[in-house]
Amino acid sequence: MPRPTRKHKLYAELLVAALLTYLTWHPEQGEPPTIEKLIYPQPGSKPKDSKLKVKGTPDAFVALIKLCAQLPNFKRKYRKHLVAFQKLSSREEYNEIRDTVTTLGKYRLIQERTPRRRGNPNRIRDFILPLPLNPTSLRKQEEILSRLFAPGKAWDEAEWEDKSQAKQQETKEAVNPILLAQKAFCQAMATKVVPHLPVQLSDYTSETLTSLTKLISVLETATQSTASVDANHHAALLLSLGRIYLAQQQLDEAQKLFEQCITLKANSSATADSLHWLGIVHHQRGNYAQAEQCYINGLEQRTKFLGEKHPDVATSTHALAELYSDRGQFPEAETSFVQALSRHQTLYGKKHPRVACVLNGLATVYTKTNRLEQAEALYQEAFNILTIQPDSDAYPHLTDSQHGLANLYTRRGEYEKAEKLHRDAIEAIEQYYGTNHPNLAVHKASLAVIYKALGQLHQARELYIECLNLLRSVYGNNHPQVAIYLSDLAWLITEESKEPYQLKLALSFFQKSISILSRVCESNHPSLINARRGLNLICLRKGVNKADTES
């Protein structure tokens, strides 16, 4: 039987030192916490046997070490062993302690209580560590440790590192108590707080963000402790804080966190989630090529590791469909929407809000490809699903249905019904997300179309300017939606005035719109075609110099 290595000795010393620290729990520290799968007599109790018997599984011993290492009465000389231990991942911590406890059992330094069951893939086993009664004095603790780990017995001294090298390493990697506290803090945030945060971006309402204000600063502090927390916990923190930033439309901060999460060597799920959310950031910015690459990579990874019937795979398929629709890739969009609809119906049934959301997207594609009867049927189906749902489940998908139906009513000249739907949607958005949310621009621009049709050109122009100011404050001057509304405003100007300087202004808007859209959309995108038509029309008008059109 091979002798234990120095590594086993170090971790065994660390484990026993943690047990002794716990057994000498000071009353001023309050009640000792319960550790799952670890059974020990409470401090001050009187066991029947002449020795204290502590039993537990390797993962319970890992939790005990992490807890006791932060207590002031943990023996200072054994803190050096934490340097190597804190660099391990959660799985590596478990494996090292499991192997150490197994080695102690082989040399009868502990008693193995429960043998491994045949065919059981779970390698957790129970062990009993006999410790003398009342190890309260430092001298008795030293006696226990020296008896277990005296050189020349079970431990292979030939494998020990050179003492001078060990001393140098100890000096370089001195344990920082603040770092240990940060690690415990980050792990607590990742395991206790993060699972309770909203998951869907639509759940981050203005009320939710207000309630998260204090937590945001705490999460920011936690994410800065990169060296003291394992990759999976750190990824969970980054993703959660990134979603909050994204909901606040702080796109730079959100993008930075999602990109940082991708560089971590975290689990495959965290990487796929990071790609998906980074795709949403690029999509909102109007960086359609980058968004497509992120969505596709995220969908591939989610499908590979989660299977095709997982909700995250359905979500990724839907996001990719929305992107294709915005780019004007309507055949690809329709295919992805149909696939997303099938997956959502399989997962949630046919009357779920998420199914209605996909129906809205598919109806938008039908509208853009002039299949208006099919579009209206899908919008109405989605609207019927959402009106019987609680508000928290229905919104914001209900406003999408209202927008689609209102635009169809506008085409038919039913302006009063269309205006009411848009007004209801605007009121709901302001209630849920506040008065500066970019979704407001979509409905205000549609209201402008109604006012334009009614001949109320001044009101329409004011609404377009509101939309442009709102979107520029969030996305900047080169966003595709800014380009679309610039083109719409230019058309309005050409109908409102024949003055040369107004036409020159409209000309510049059309040129700017074409410049933005041609970089991110397909050549057959309706908005790009519309802007080019407007530019050609002005070029044929009298009073516009050739130099103006070429500028």
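Figured I'd write up the structure that's included with this text. (Residues numbered from 1 in each chain as written. Predicted model: local features only at pLDDT ≥ 70, side-chain atom pairs only at ≥ 80, totals over all residues. Heavy atoms only, no water.)

1. Regarding the nonpolar core
One broad trend across soluble globular proteins is that nonpolar side chains are buried collectively. Defined as follows: Buried Ala, Val, Leu, Ile, Met, Phe, Trp, Tyr and Cys residues that are joined via side-chain atoms within 4.5 Å together make up what is termed a nonpolar core. Between buried and exposed lies partly exposed: a residue is buried under 20% and exposed over 50% of the maximum accessible area for its type, with that area taken using a 1.4 Å probe on protein chains only. Whether two residues are in contact is decided by their heavy atoms, any of which lying within 4.5 Å being enough.
Of all hydrophobic cores here, the largest spans 111 residues; its most connected members are Leu219, Leu237, Leu246, Phe258 and Tyr485. Residues contacting Phe258, with those up to four places away along its chain left out, are Leu239, Gly242, Arg243, Leu246, Ser274, Trp277, Leu278 and Val281. Membership of the second largest hydrophobic core comes to 22 residues, among which are Ala18, Cys68, Leu82 and Leu88.

2. Thoughts on the pattern of salt bridges
Put simply, the rule is: Each reported salt bridge corresponds to a side-chain nitrogen of Lys or Arg within 4 Å of a carboxyl oxygen of Asp or Glu. Each helix corresponds to a stretch of at least 4 residues labelled H or I by DSSP, and each strand to a stretch of at least 2 residues labelled E; elements are numbered beginning at the N terminus.
Applying the stated rule across the entire model yields 12 salt bridges. In this structure, Glu414 engages Lys417 in a salt bridge whose closest nitrogen and oxygen atoms are separated by 3.1 Å. For Glu414, a relative accessible area of 26% gives the class partly exposed. Classification of Lys417 by relative accessible area gives partly exposed; the value is 43%. Linking Glu496 and Arg461 is a salt bridge whose minimum nitrogen-to-oxygen distance equals 3.1 Å. A residue pair is termed long-range when its members are at least 10 positions apart, and Glu496 in helix α23 (residues 480-496) and Arg461 in helix α22 (residues 457-475) qualify at 35 residues. The class for Arg461 is buried, based on a relative accessible area of 19%. One network of salt bridges, with partners in common, ties together Glu376, Arg412, Glu414 and Lys417.

3. Things to note about the environment of Gln250
As a reminder of what qualifies: Polar contact criterion, stated in full: a pair of N or O atoms within 3.5 Å, where within protein one must be able to donate a hydrogen and the other to accept it, and residues adjacent in sequence count only if both atoms are side-chain atoms.
Looking at where Gln250 falls in the secondary structure, it is placed in the loop between α10 (231-247) and α11 (251-263). In this structure the side chain of Gln250 is engaged in a polar contact, spanning 2.6 Å, whose partner is the side chain of Gln248.

4. Some details on helix α12 (residues 268-285)
Because an α-helix packs 3.6 residues into every turn, residues spaced three or four apart end up facing the same way. Quick note on the threshold: By this rule the span expected of a helix is its residue count minus one, scaled by 1.5 Å.
Over its 18 residues, α12 runs 26 Å from end to end, which matches the ideal 26 Å to within 8%, given 1.5 Å per residue. Within α12, 15 of the 18 residues are buried, leaving the element largely enclosed by the surrounding structure. Backbone geometry just downstream of α12 places Gly286 in the positive-phi region, at approximately 90 degrees.

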